[in-house]
Each structure stands twice: as structure tokens, then as C-alpha cells.
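# Results of the structural survey
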Amino acid sequence: MSMFQDIPVDVGVIYEGERIRRKDMYVELGGPDVKEKFELARVKKPEEVEDGKITIIGPDIKDMEEGKTYPFGIVIEVAGAKLEPELEGVIERRIHAYCNYIEGFMHLNQRYDIWLRLSKKSYQKGLNSFQYIGKVLHRLFKSELPIIEKMQVTFITDAEKVKELYPQALQIYEARDARARGLKDEEVDKFYGCILCQSFAPTHCCVITPQRYSNCGAISWFDARASANIDPKGPIFEIDKGELLDPIKGEYSGVNEAVKKRTLGEITRVWLYTAFGYPHTSCGCFEGVAFYIPEVDGFGIVHRGYKDVTVNGLAFSTLADSTAGGRQVDGFHGISIEYMRSPKFLQADGGYQRVVWMPKEVKERVKNFIPAELVDKIATEEDAKTIDELKAFLKARGHPVVERWKEEVVAAPEVVPAEAAEAMEEAAPAMVPTITAATLPITAGGYKIILKDAKIYAKRVIIKTVKGEKPEKR
Ligand code: SF4
């Protein structure tokens, strides 16, 4: 691209989806090892923005130590006659896509979860300053979103400054999210779809409704509407709701049609408010995972930042691998934290009546949205670290799932062909779901067995970690 002749590495859409492993990275910015990191887009008055200005607060790439991780913030300030503050979320989400256009520069996640890596190869080619990255972002934003007339970029790597700005960023995200609360799915004619993550998960399509926030937690229904208005051919598009086929599961004819079209026929049905049957697909950017725990017939929730293993012995990364990739996996559901504040949250599965465990940090964030009588009945890592402890806790607190427990039946899991499983699924009682173990690894007798697109029908499944085997760090 001639537009990037002065940039030492290549820039183009072909680099989207490129992964940089730890051994290949020059430096890491943000990510799970750093608490404070953020990215923000702000709409400003024209006189407040100097077009093309790039500011670096803290060490530039060339001053960083190879192999190290740094706190990180990116602030994009834009101005334009037609720009409204409600476009901030959408502009901000494009930081992810555009950073990934840069050869050897990887951007994952969003908002306060960002995780970037620069490869050794690209550093050696001369990509040694944020000035280059700022230039690329400035040119891509202005060419792809002409509504942006002026733009300046600030990179912050100074630990103290990142720390100082981090709470402000959180406040801005919260104000944005709060705006969309209160509006009901039934009250609008249109939903929105987003396929920005198809570069990573080709069959993924987010359906953004007022009460089902995008998986990444970065795009509300208002944000999506603003984006579709200014860029109707872009990755965010309008969906005519069509007919409401099931108000509890959240099935709309228009959603089915739109998703089928955008996933090239791969996904044909979507139930918006459940983790079973035809759940909303999960890409890889979700903020958290709702995972079914068969032993207690309830859901655990874990967020990306949770470092320990969850109550079923699996870490976020393992659960995320079982969930991601644009698939519909029974009982493994990618979600945003904001969706947990919605009255439609897992509505068809029982909502919070069915949630049994979540990290304390998540509970604090959504506490005011959990029905008051359930708050103390949902365990955190402080209450239960194993399934047995969880069972005891739920019984002691009188969690509503306890009433669903049947007589404990110990049966060996029986692996059946997919068609047979489907038939059994139809006949099975609703609360004994079939788990699709699309790429769920099973370790036995020194062998690792990977089941691809198989369905396992089991009365009871016990999942344990293997001693000495640490979940791989991505
Ligand atoms: S998670 Fe969904 S809404 Fe967010 S960028 Fe990806 S596809 Fe779009």
C-alpha cells in the first residue's frame, strides 16, 4: 500500500488474525500480567484536536527492554462536524482492527482488557517507535471513516500516568454502558449485527440488541446504531428483527436470516437468551464465559482477568478455548459483563436463579443487578474452590438450583454418534443438556483425545485438572 511507504513494515488486512507467541515477541503492552491498561476514543471540539499529532508519554518502543511487559494506554481524540459522542465506542473498537493490520503487531480484546504484542521480526525491520503506529492509525481511521476530520493519538507507557488515567477510563465506559440500560429489546424495531471478529472467528456474528450487549462488551445497541448509520457497508449492520418466534429463548426470524447470510449459511438459528440449543456464537473477544457445571446443574461465570482456576478446576483460557471460534457450544457461552446487568441475561436458563459461582471481582461489578435474595447464595472463589465445596455452599445457603437436583446417579459417560445424540437431546429432560465437545480435550492414560464435533450425552460429568499440567498461556 503506497499509503504506508514510510512505515518499516507492511500494513494490510492480511495481517489480521496474526498471532504472536511469547517466544516471538519483542515487547508486550497490557495483557493479563498488567492490571492497568485501557484504550479510549473521545469525540472533541475541532480546536481541541491537532490533526496528525502523535504524543508518547513514557518510554517509546526503542527505549523498552526486550521480552518485557509494560502498562499501556491509547487515547484517540477525534473531531468532525458530524461526529457525535455516541460514536466513541465504535471508533474505539476499530483500534483493534487497525492495529492488527500492522505486520507483527497483535491487538487482542478491548477497553480495560487490551493485550498487544510486537514481534521481534517487525522490531528488527525498524518498527521501533509508536510514531509509526500512530501514523498508521491516523491514516486508516481517516480513510475508512471520512466523518473523522481531525485526529490525534496519544500512547501512554508511563506506569504512573496509566494508573492515573485508568479509573477515568472505567468511568467513561460505565457512563456509555448505562445509557443503553432501560431500553428493552421489545421496544425497538431493529437490532444490529457485527462481523468485525470474523478475521479470527469466520462463523461468528454478534447480534447486538438493547438487552444483549456485544460479546466484547465494547459496542452497545446505541453505538451499533450510530455506526451503521455512518458506515452502512461497514462491519456493523442493521438487522430487521422480523417475527418474534420465541420470547423466552429470544428467537427472531430476522436475526436467523441475517446471521445465516453473514456466516455464509454456517449458523442458521440463534437463541439470544440461552446457553443451550442454538446459543449466540462466541468469537474470542468475549469478556467472560458462562460455563455449565453439570454436577450442580448451574452456571459458573469467569472473566478474562481471573488468573486462578475456576471452581471446576479449569482456567479461563481452557474454558475460552472450548467456547471460542464462532461456534455454538452447548453450555459454553461467551458473554460481556454488561449482558450480566440485563434482565434478559440467560433468561431461558433461569437467569441468576441458575448462576452458582463467579469470581468476587465480577460479583462486585454486577452486584446491583443480581436479584437481592440471590446475592449471598452465589459462591465466589472465597466460598468454594471445588465442586464439593460448591455443593455444600449451595445447600447451606438454599440456592434455588438445589431444588433441581435429582437423586445422584453415577453413570459412566456414554459417547454416542452426533445424530443419535441429537435424537436423545430432543427426548432428554430440559435440565440434562447435551454438551457438544467440539474440541474439548480429554486426557487419559497418557494420551490426549480431542473430540471434534462429537456430542457426549452424560447424566453426570466430572472434569478434573491433571496434576502437574499447567494450562497453556496464550
Ligand atoms: S465481539 Fe462482536 S461486537 Fe465486538 S467487535 Fe467482535 S463481532 Fe463486533
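Attention in this report is confined to the structure presented alongside it. Here the structure is a predicted model, which is why all the values come from computation and not from measurement. (Residues numbered from 1 in each chain as written. Predicted model: local features only at pLDDT ≥ 70, side-chain atom pairs only at ≥ 80, totals over all residues. Heavy atoms only, no water.)

### A few points about the side chain of Thr-310
Selection rule: Only DSSP runs of H or I covering at least 4 residues are called helices, and only runs of E covering at least 2 are called strands; the numbering of each starts at the N terminus. Residue burial is assigned from relative accessible area. The probe radius is 1.4 Å, only protein chains are included, and a residue is buried under 20% of its type maximum, exposed over 50%, and partly exposed in between.
Topologically, Thr-310 is positioned in the loop between β15 (298–303) and α7 (316–323). The exposure class assigned to Thr-310 is buried, which follows from its relative accessible area of 1%.

### Describing the nonpolar core
Convention followed: What is meant by a nonpolar core is a set of buried Ala, Val, Leu, Ile, Met, Phe, Trp, Tyr and Cys residues, joined one to another through side-chain atoms within 4.5 Å.
In terms of nonpolar packing, the biggest core is built from 65 residues, with Phe-38, Met-340, Phe-345, Tyr-352 and Met-358 touching the most fellow members. Per-element tally for this core: the top contributor is helix α4 (residues 159–180), with 7 residues. Listed in part, the 44 residues of the second largest apolar core include Ile-7, Leu-29, Val-78 and Phe-155.

### Examining the pattern of salt bridges
When charged atoms on two side chains of opposite charge get close, those side chains can pair. The cut-off we apply is this: Counted as salt bridges are all cases of a side-chain nitrogen of Lys or Arg within 4 Å of a carboxyl oxygen of Asp or Glu.
Per the stated rule, a full pass over the model turns up 30 salt bridges. Notably, a salt bridge pairs Glu-238 with Lys-190, separated by 3.6 Å at the nearest N-O pair. One end of the pair, Glu-238, is in strand β11 (residues 236–240); the other, Lys-190, is in strand β9 (residues 190–194), with 48 residues separating them in the sequence. Its relative accessible area of 26% is what places Lys-190 among the partly exposed residues. Because the salt bridges share partners, they merge into one network encompassing Arg-22, Glu-28, Asp-33 and Arg-117.

### A few points about the sheet that holds β11
Definition in use: Strand pairing requires that DSSP identify at least two bridges connecting the strands. Lines fitted to the C-alpha atoms define the axes, with helices restricted to the stretch that makes contact. Angles between their N-to-C directions range from 0 to 180 degrees. In this description, contact between two residues means that some pair of their heavy atoms is separated by no more than 4.5 Å.
As summarised here, the arrangement of the 3 strands in space is β10-β9-β11, forming an open sheet in which the pairing is antiparallel. Looking along the sheet, the strands with just one partner apiece sit at the ends: β10 (206–208) and β11. Taking the axes of each pair of neighbouring strands and ignoring which way they run, one obtains an average angle of 35° across the sheet. Where β9 lies against β10, 3 bridges are found, and the strand directions are antiparallel. Bridge pairing in β10 places Gly-193 opposite Val-207. The sheet strands contacting helix α6 (residues 253–262) are β9, β10 and β11, and the helix crosses β11 at an angle near 140°.

### Brief notes about the sheet that holds strand β14 (residues 288–293)
Strands sit in the order β16-β14-β15-β17 across an open sheet of 4 strands; the sheet is mixed. The two strands at the open ends of the sheet, each matched to only one other strand, are β16 (332–335) and β17 (355–357). Between one strand and the next, the sheet's axes are offset by a mean angle of 35°, whatever the strand orientation. Of the pairings in the sheet, the one linking β15 to β17 comprises 2 bridges and is parallel in character. Residue Phe-299 lies in a different strand from β17, and its bridge partner there is Val-355.

### Considerations on the packing of aromatic side chains
Note the threshold: When two rings of Phe, Tyr or Trp (its six-membered ring) have centres within 6.5 Å they constitute a pair, described as stacked for plane angles under 30 degrees, edge-to-face for angles over 60, and tilted for the intermediate range. Charge-over-ring placement is defined geometrically: NZ (Lys) or CZ (Arg) within 6 Å of the ring centre, and within 35 degrees of the ring normal.
Tallying each qualifying case throughout the model produces 18 aromatic pairs. Relative to Phe-155, the ring of Phe-130 has its centre 5.0 Å away and its plane inclined at 20°; by these criteria the two rings are stacked. Of this pair, Phe-130 sits in helix α3 (residues 130–144) while Phe-155 is found in strand β8 (residues 150–156), placing the two residues 25 residues apart along the sequence. With relative accessibility at 0%, the residue Phe-130 sits in the buried group. Here Phe-155 falls in the buried class, since its relative accessible area comes to 1%. We note Arg-179 situated over the ring of Phe-222; from NZ or CZ to the ring centre the distance is 4.1 Å. The positively charged end of Arg-262 is found above the aromatic ring belonging to Phe-237, 3.6 Å away from the centroid.

### Some points on the site of the ligand
Our working rule: Throughout, near means a residue has at least one heavy atom within 4 Å of the molecule or strand. Charged residues are taken to be Asp, Glu, Lys and Arg, nonpolar residues to be Ala, Val, Leu, Ile, Met, Phe, Trp, Tyr, Cys and Pro, and polar residues to be all remaining types, Gly included.
Contacts to the ligand come from Arg-93, Cys-194, Leu-196, Cys-197, His-204, Cys-206, Ile-208, Ser-214, Cys-216 and Cys-283. Among the residues forming the shell around the ligand, the class breakdown is 7 nonpolar, 2 polar and 1 charged.

### A closer look at the environment of Phe-191
Examined against the element boundaries, Phe-191 turns out to sit in strand β9. With 16 residues separating them along the chain, Phe-191 and Val-207 place their C-alpha atoms 7.0 Å apart.

### Points about unusual backbone geometry
In the Ramachandran plot, Asn-109 falls in the positive-phi region, its phi being about 65° despite a non-glycine side chain. By secondary structure assignment, the location of Asn-109 is in the loop between β6 (105–108) and β7 (115–119). With a phi close to 55°, Asp-297 is a non-glycine residue in the positive phi region. Turning to its location among the elements, Asp-297 is positioned in the loop between β14 and β15. With a relative accessible area of 7%, Asp-297 lands in the buried category.

### Brief notes about helix α5 (residues 221–230)
Because an α-helix packs 3.6 residues into every turn, residues spaced three or four apart end up facing the same way. With 7 of 10 residues buried, α5 is to be regarded as a mostly interior element. Taken together, the buried positions of α5 are Trp-221, Phe-222, Asp-223, Ala-224, Ala-226, Ser-227 and Ala-228. Those residues of α5 that are buried lie in contact with α1 (88–100), α4, β9, β10 and β11.

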